[in-house]
Every structure is written in C-alpha cells, then in structure tokens.
Amino acid sequence: LERTQVINFNSGPCALPTSVLEEAAKGLLNYKGTGIGLAELSHRSGYFGQIVNELAGLIRKQLEVPSTHEIIFTQGGATGQFSAVVLNLLARHRLLHPNLAEEERYMDYVVTGNWSKKASEEARRLGGGVVNIVTDARTVSEDHKTFASIPPHSGFKFSQNPAFIYYCENETVDGVQFSTDPESPARFPWELLKEQDFVPVVGDYSSSFLSRPIPNLDRHALVYAGAQKNLGPAGLTVLIVRKDCLVDTDAAAKLGAQPVPITMDWKVIQSHNSLYNTPPMFSMYIAQLMLEHTEAMGGMPAITHMNEKKKDMLYEVLDEGAAKGLFRLRVEKGSRSWMNQTFHVLGDGKEKLFLEQAESAGLKALAGHRQVGGVRISLYNAINEEQTGILVKFIRKFIEENSA
Ligand code: PLP
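Note that the structure is a prediction, hence the values are computed from the model and not measured.

Q: So, the nonpolar core: which residues are in play, and what are the values?
A: Counting 110 residues, the largest nonpolar core has Phe-164, Leu-222 and Val-238 as the members making the most contacts within it. By residue number, the principal contributor to this core is helix α3 (residues 77-96), which donates nine residues. Every residue in contact with Leu-222, bar those within four places of it in the chain, is listed here: Val-85, Pro-200, Val-202, Leu-239, Ile-240, Val-241 and Cys-245.

Q: Please set out the sheet that holds strand β5 (residues 164-168) residue by residue, giving values where relevant.
A: Backbone hydrogen bonds are what pair the strands of a sheet, in a parallel or an antiparallel way. Pairing in this open sheet of seven strands is mixed, and the strands run β2-β10-β9-β8-β5-β3-β4 from one edge to the other. The sheet is open, and its two borders are formed by β2 (69-74) and β4 (130-136), each paired with just one other strand. Across the sheet, the mean angle separating the axes of adjacent strands is 20 degrees when strand polarity is ignored. Two strands pair when backbone bridges link them, and β5 and strand β8 (residues 201-204) are joined in this way by four bridges, in the parallel orientation. Bridge pairing in β8 links Cys-168 to Asp-204.

Q: How would you sum up the packing of helix α2 (residues 46-63) against helix α7 (residues 281-296)? Please name residues and give values.
A: The N-to-C vectors of α2 and α7 enclose an angle of 40 degrees; their axes lie 9 Å apart at closest approach. Looking at the two axes, α2 sits oblique to α7. The hand of the α2/α7 crossing is left-handed. For the pair formed by α2 and α7, the contact residues are Phe-48, Ile-51, Val-52, Glu-54, Leu-55, Leu-58, Ile-59 and Gln-62 on the first element and Met-281, Met-284, Tyr-285, Ala-287, Gln-288, Leu-291 and Glu-295 on the second.

Q: So what's going on with the domain arrangement of the protein chain? Residues and values would help.
A: Taken domain by domain, the protein chain holds domain 1 (47-293) and domain 2 (299-402). One C-alpha centre belongs to domain 1, the other to domain 2, and the line joining them spans 28 Å. On the domain 2 side, the residues contacting the 25 residues of domain 1 number 23 residues. Class assignment of the residues belonging to the side of domain 1 that touches domain 2 gives a composition of eight nonpolar, 14 polar and three charged.

The rules behind these values
Position numbers for residues start from 1 in each chain and track the written sequence from start to end. Totals for whole chains, interfaces and linings use every residue, but because this is a predicted model, local features are given only for residues with pLDDT of at least 70 and side-chain atom pairs only at 80 or more, for both listing and counting. For our purposes the nonpolar core covers buried Ala, Val, Leu, Ile, Met, Phe, Trp, Tyr and Cys residues that link as a set through C-beta atoms within 7 Å. Buried means a residue has 20 or more other C-beta atoms within 10 Å of its own C-beta, exposed means 12 or fewer, and partly exposed covers the counts in between; C-beta atoms are placed from the backbone. Helix and strand assignments come from DSSP, with helices taken as H or I runs of at least 4 residues and strands as E runs of at least 2, each series counted from the N terminus. Contact between two residues is assigned when their C-beta atoms, built from the backbone, lie within 7 Å. Two strands pair if DSSP finds at least two bridges between them. With axes taken as lines fitted to C-alpha atoms, and helix axes fitted only over the stretch in contact, angles between N-to-C directions fall between 0 and 180 degrees. Small angles under 35 degrees read as roughly parallel and large ones over 145 as roughly antiparallel, with 65 to 115 read as roughly perpendicular and the rest as oblique. What makes a crossing left-handed is the near helix being turned counterclockwise from the far one by less than a right angle; a clockwise turn instead makes it right-handed. For the purposes of this description, domain bounds are those given by an automatic or database domain assignment. Throughout this entry, Asp, Glu, Lys and Arg are counted as charged residues, while Ala, Val, Leu, Ile, Met, Phe, Trp, Tyr, Cys and Pro are counted as nonpolar. The remaining residues, Gly among them, count as polar.

Below you can see the structure in the form of structure tokens.
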C-alpha cells in the first residue's frame, strides 16, 4: 500500500503520520494475530478494554491529568459536547441550588471566535438558564465583525455563581488562541475567578489538544476535544472531567432539570468505563497508535518544542509578506494560534494564484474556512518541521515573485 506524497494542511480531519496509518491498516486486517480485524472485535473483549485503558493512560501521562479528574470517551463530536455541557452542568447546578428560578441560572460564554459563538447559540437554544456573554471579541476588532484577538480582561463580565463558564482555547476558524504565558494579556483570565474557585470552567480544546501542556488543567471542570485534529479520525470525543461534575442527572430531573439523553450523561459513560454502548473502536485504536507515536518522539516536551518552532517559522514568513503589503494576517500578535494560521493574500487574483500554485506543489487544503475565506494553514502534530519548511520555502518564493 502506498500513498501519493503530498502535505495535507487540512484543518480537520487532520493529516496522520503514514507509519501510524500503516500500523492501523495491519490491525484493521488482523488485530494482534487474532485473525480478527479491529473493527470486527467485540468491544467487550479484553483486547478492546486494553485499548481504552492504554489510551486513557497515555493522555493522563502526556497532559499530567490530576487524580481529581476522570478521562472518558464518547461520540457525537465536539458539537455533541456543546449540548452535553449545558445539560450536565445545569443538572449539577440544579442539585446544588434547587430553588433558583431559570432566570437566575447563568451560563457564561467567553466568545473569542466562531466555535465559542456556536456553543453559546446551542446553550440559548436548549434553554434551562440564561446565556451571559462574558465578552465578545468582535467588539474590539477594527471592523467590529471579525474575531482578531483575545479582548482585554477589563471588559470581561462574569456572572456571580454561574452554572458554568465556557471558553474555546483555540478558535480553529479564526486562528485566535489563548496564550499559555501567565503574563500575557491574551491568557485566560483566571485572576478574575479568584472568588469562584469551584465554578465549573469548561474549555473546548478540540484543535489544540495534546499540542502543548494545558495551563491550569486542575482548575477546569471539563476539558474536551474532538479527536480529528491532533489525535486521530473523527468519531471520538475525549473528555477530561472533574469528579464533582459527574452527577446523577436523573435526581436533578426530579427537581425540575432537563433529562439528559443517556449517551450524553457523563456519569453514566464514566461508570461504564466509556463502554456503556459500542464505542468508536477504530478511531480509538488509531488515537492510541498516534499517542504511542508522539510518546516515541519524546512526549509532550518534544511535541511542544516542535509545534512552537513550526509556528515561529510560519509567522516569520507571513510577517515578511505582510511587511511587503502582500499578506494581511487576520489575528493580532499575542493572540495568534499555534495550530491555525489565517491570512489574506492581497491584490487582484493573487489569493487564487497562491492557492492554485500551492495545490500544484502538493501543498493541500490551504483554503480558509468557508465562512471567512482567505488562506488557513493547519499545523497539527502530524505535520513535522521538514514539511513546515517546504511550505515556508513555497511562501517565500511566492512573496519574491508577487510583491512589488
Ligand atoms: N470546536 C472546535 C474548536 C472545532 O475546531 C470544531 C471542529 O472543527 C468543533 C468544535 C466541532 O467539532 P465536531 O465537528 O467534532 O462537532
């Protein structure tokens, strides 16, 4: 089996290393010499139980997940969690505060891009509480329409004792990401939550999961991620959930909370070791192989180092293009994503030319998200420094040939 040598910069589903896919193909045919392929095995078999445990163990090790948190696996993508977060955490809030009226239950959304905006819209659709927009990053952008930075903390308006606070750590469409530097103005505003230690904070980490350590992981009630960026194929969602957020949602429903569909109930999933119903077995197997691969590369320190270098190489050449008037980067310095670089190529027909030339050079899937256009590069874990270097060389040549 062979595949054409191209470099896939898709924003998700992501590229996966060829060696991982080769190993997966073997397992698909004949898992560990059983004569049965991975997708044909019973999910109740010891073989599969081992995959679940090893996968959870590798995530716990690489992200240093504390013992206060459980790791669970589910389906329904990250979008499934837009709904599950609301239902599970409103149920928790109901158990803690049974007598509050719906108008007094707040769900706080920090809106820094298209995905957190979508999540807030789902909360509003489901109801059961009031959505409070803590900040909307569009209000601070030049055109008041685009998401271009993490807004100053002075404008953040949290509610008192909300059911939860929600943010998206890396906005895949826009290319805006919170900084891990505790001194940066673009960090997550933990200092504003000093009085609210146990309010559940939820982070959507779909497009940055396992690309670098998660700051203040222990302070989160939930960190979750769809697998299809850094980890493996779609179909699998990973949840790192604090134990006090695994609640009896049926008891909450008796007090008036909305019932939670059984496949979205975190406590049910956890108490069945993520095997309440048939899980996305093949996606989980590939995720395990992917983590073994990154572990062999040196684990989180090596991955973080590689990703930092890759994004530095890229922003350097993009800033060169911007200085020559050929590019306009969508995101301000300090809030720029390590994983997704978004920009426009200026000048009549130049963007089309850029995308066409990239495509013919084997540099695939560089068109921006359909909602925002432009160019988007995605540098997930499977893209290595050498491949990033090939893209940088292509961009530099394009700048030389196209700037005045
Ligand atoms: N959140 C983020 C940050 C994403 O990047 C995506 C998808 O790209 C989603 C949520 C939605 O994920 P899914 O398609 O798995 O529902």
